[in-house]
Amino acid sequence: MPTTNSSVSSSISDVPSGTGVAGLETALRWLAQQKTWDVQVPLPTTREFGDRYGISNASACRVLKKLDSEEVVWRRENGRYYVAESRRLFERRKPYACLLRKLQNWSRIYQGIMSGFSQEFGRNRAAILFVHNETLVRHADTEHPPLHAGPAAQREALAEFFRDHEDQFGGILFDDIWSDDVLEEFAGRLGNAVIVCRSTRLPGLSSVSVDFELSGVLAIGHLFARCYEEIWIAVPFRGAPPVDLMRAAACKAAVTLGRPIEEKNLCLVATPQDRAVFIQRLKETSRRIGVFCLEDNVAMILQRSLLEAGIACPQRVGIVSGMGTDIVTDRNITTLRIDYERIGREAAQILADRVLLTTTIPTTLMLGQTT
């Protein structure tokens, strides 16, 4: 194993002698295999290599660039080359950047993710650089829908981040709200990065997501099993990828189970006015309705609204909540339980290991008094 003891000497004399470009390349590959070079010490300069192998500085530079592309050696941001193992040592010392929405009391999802993320890096003694832009998601209160930043605002925020923190981080954790289209514009600068709570189409970006298909089957299947005659999807707001993905998964599950959800039963419940219309529709039907609400805060509001309207829950209307935080479990609402701390831990591990990985976290159904 390579040593990290700074008292170990590594110099041009430790590089095997030889001649020409081929000799330098052979020597560097030999060094990489032997793992005896001090990982804290840069390799000799191109001038030193040029003198030792009888080649120009430019030729020595071309060899180093070639071997850097093959990950035999590593070029640090200061321009010096090191053995490949040095990269983990130096980047471990850099903080890991978290580009997230502003955390608020009702943002339990990202509180859970950050808890798992910080726990994992706390064990590895790695620092975290928390960077949030208040315009990413504006959510004044849970009675009204959040406002999500559009592509232009996201582009500006990401450009500002790279301008202020270039080469100062070992990896990036992205909030689900970041658009793939925007991230693709910065693909060459993302490096070691992971996005959470949704998948991604970008080939160089890792993701840790909820298993939405399983979630849809569990929620819709449970409501059918409780003999509700119709299933309505309560859509809390639009434009949030996890909500959109959960809605699509629920509709797919209903089709698979043989009882597709009618378009009129995809009900927007974002504002007090929307919810008043929703409750009035429930009053006017004599059928037993199973409601799959895609967000916890709104599920809690709907539970309260049913009580105020005198609609029996779960006898007439049942509710399953879709995001499974303690906001609903504490109120005994049936929910899909999602381990957000695990999402944070796995995202941290991906960044620490510098691997490219797409993974999903399974959900479980936690029964409450609303079904």
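This text gives an overview of the structure that appears in the document. (Residues numbered from 1 in each chain as written. Predicted model: local features only at pLDDT ≥ 70, side-chain atom pairs only at ≥ 80, totals over all residues. Heavy atoms only, no water.)

## What to know about the environment of Thr363
Step number 1: On the secondary structure map, Thr363 appears in the loop between strand E15 (358-361) and strand E16 (364-366).
Step number 2: C-alpha separation for the pair Thr363 and Arg337, spaced 26 residues apart in sequence, amounts to 5.6 Å.
Step number 3: Reaching out from Thr363, the side chain makes a polar contact with the side chain of Ser215 at a distance of 3.1 Å. (Helix = DSSP H or I, 4+ residues; strand = E, 2+ residues; numbered from the N terminus. Polar contact = N/O pair within 3.5 Å; in protein donor to acceptor, adjacent residues only side chain to side chain.)

## Quick notes on the packing of aromatic side chains
Step number 1: The final tally for this structure, using the stated rule, is 9 aromatic pairs.
Step number 2: A centroid spacing of 4.2 Å and a plane angle of 15° characterise the contact between Tyr96 and Phe121, whose relative ring orientation is stacked. In this pair, Tyr96 sits in strand E3 (residues 96-100) while Phe121 sits in helix H5 (residues 108-123), placing the two residues 25 residues apart along the sequence.
Step number 3: Here Trp232 and Phe278 contribute two aromatic rings whose centre-to-centre distance is 5.7 Å and whose plane-to-plane angle is 70°, an arrangement assigned as edge-to-face. Of this pair, Trp232 sits in strand E10 (residues 230-235) while Phe278 sits in helix H11 (residues 272-284), and the two are 46 residues apart along the sequence.
Step number 4: Here Trp232 falls in the buried class, since its relative accessible area comes to 2%.
Step number 5: For Phe278, a relative accessible area of 3% translates into the label buried.
Step number 6: Cluster of aromatic residues (ring-pair linked, three or more members): Phe161, Phe162, Phe169 and Phe186.
Step number 7: One cation-aromatic arrangement involves Arg281 over Trp232; the distance from NZ or CZ to the ring centre is 4.1 Å. (Phe/Tyr/Trp six-rings, centres within 6.5 Å; stacked < 30°, edge-to-face > 60°. Buried < 20%, exposed > 50% of the residue type's maximum accessible area, 1.4 Å probe, protein only. Lys NZ or Arg CZ within 6 Å of the ring centre and 35° of its normal.)

## Describing helix H3 (residues 57-69)
Step number 1: The end-to-end C-alpha separation of H3 is 18 Å, in line with the 18 Å expected for 13 residues at 1.5 Å each.
Step number 2: Considered for burial, the residues of H3 that qualify are Ser59, Ala60, Val63, Leu64 and Leu67. Projection of H3 onto a plane perpendicular to its axis shows the buried side chains occupying an angular sector of 140°, all on one side. Exposed residues lying more than 90 degrees from the buried face of H3 are Arg62, Lys65 and Ser69.
Step number 3: Those residues of H3 that are buried are in contact with helix H1 (20-34), helix H2 (46-53), strand E1 (73-75) and strand E2 (81-83).
Step number 4: Within two residues after H3, Glu71 carries a phi angle of roughly 65°, on the positive side. (Expected span 1.5 Å × (residues − 1). Arc of directions from axis to C-beta. Contact = heavy atoms within 4.5 Å.)

## Concerning the pattern of salt bridges
Step number 1: Tallying each qualifying case throughout the model produces 20 salt bridges.
Step number 2: With a closest N to O distance of 2.3 Å, Arg201 and Asp181 form a salt bridge. Of the two residues, Arg201 is situated in the loop between strand E8 (193-196) and strand E9 (206-210) and Asp181 in helix H7 (residues 180-185); the sequence distance between them amounts to 20 residues.
Step number 3: Since its relative accessible area comes to 48%, Asp181 is described here as partly exposed.
Step number 4: Within the structure, one salt-bridge network assembled from shared partners comprises Glu25, Arg29, Lys66 and Glu70. (Salt bridge = Lys/Arg side-chain N within 4 Å of Asp/Glu carboxyl O.)

## What to know about the side chain of Thr271
Step number 1: Mapped onto the elements, Thr271 comes out in the loop between strand E11 (266-268) and H11.
Step number 2: Under the relative-accessibility criterion, Thr271 is labelled buried at 19%.
Step number 3: Not counting the four nearest positions on each side in its chain, Thr271 is found in contact with Glu143 and Pro145.

## Quick look at a nonpolar patch on the surface
Step number 1: Where nonpolar side chains cluster on the molecular surface, the patch consists of Leu103, Ile128 and Phe130 and spans about 210 Å² of accessible area.
Step number 2: Structurally, Ile128 is set in strand E4 (residues 128-132).
Step number 3: Judged by relative accessible area, which is 30%, Ile128 ranks as partly exposed. (Patch = residues over 30% accessible without salt bridge, like charges linked within 9 Å, V, L, I, M, F, W, Y side chains within 5 Å. Areas by Shrake-Rupley, 256 points an atom, 1.4 Å probe, with all protein chains shown as cover.)

## Looking at the pairing of strand E13 (residues 317-321)
For a regular strand, the rule is simple: side chains alternate between the two faces of the sheet.
Step number 1: Of all 5 residues in E13, 5 are buried; the element is thus mostly enclosed.
Step number 2: Residues Val317, Ile319 and Ser321 line one face of E13 and the alternating positions Gly318 and Val320 line the opposite face, and both faces are buried.
Step number 3: The pairing of strand E12 (residues 289-293) with E13 spans 5 bridges and is classified as parallel. If you follow Gly290 over to E13, its bridge partner there is Gly318. (Pairing = 2+ DSSP bridges.)

## A word on the packing of H5 against helix H14 (residues 340-353)
Step number 1: Between H5 and H14, whose axes approach to 6 Å, the crossing angle comes to 45°. With respect to H14, the element H5 is oriented oblique. For the element pair H5 and H14, the recorded crossing hand is right-handed. Taking contact as the criterion, the partners of Ile109, Gly112, Ile113, Ser115, Gly116, Phe117, Gln119, Glu120, Phe121 and Arg123 in H5 are, on H14, Tyr340, Glu341, Ile343, Gly344, Arg345, Ala347, Ala348, Gln349, Leu351 and Ala352.
Step number 2: Residue composition of the contact of H5 with H14, grouped by class: 10 nonpolar, 6 polar and 4 charged. (Axes fitted to C-alpha atoms, helices over the stretch in contact; angles between N-to-C directions. Parallel < 35°, antiparallel > 145°, perpendicular 65-115°, else oblique. Left-handed = near helix turned anticlockwise from the far one by under 90°. Nonpolar A, V, L, I, M, F, W, Y, C, P; charged D, E, K, R; others polar.)

## Brief notes about the nonpolar core
Step number 1: One finds Phe117, Leu173, Val196, Ile220, Phe292 and Ile343 to be the most contacted residues of the largest nonpolar core, which totals 47 residues.
Step number 2: Ranked by the residues each element gives to this core, the list is headed by H14, at 7 residues.
Step number 3: Setting aside anything within four residues of it in sequence, one finds Ile220 in contact with Ile231, Ile233, Ala250, Ala253, Ala254, Leu257, Ile261 and Phe292.
Step number 4: Ranked by size, the runner-up nonpolar core spans 22 residues in total, among them Ala97, Leu158, Phe161 and Phe174. (Core = buried A, V, L, I, M, F, W, Y, C linked by side-chain atoms within 4.5 Å.)

Keep in mind these numbers describe shape, not what the thing actually does.
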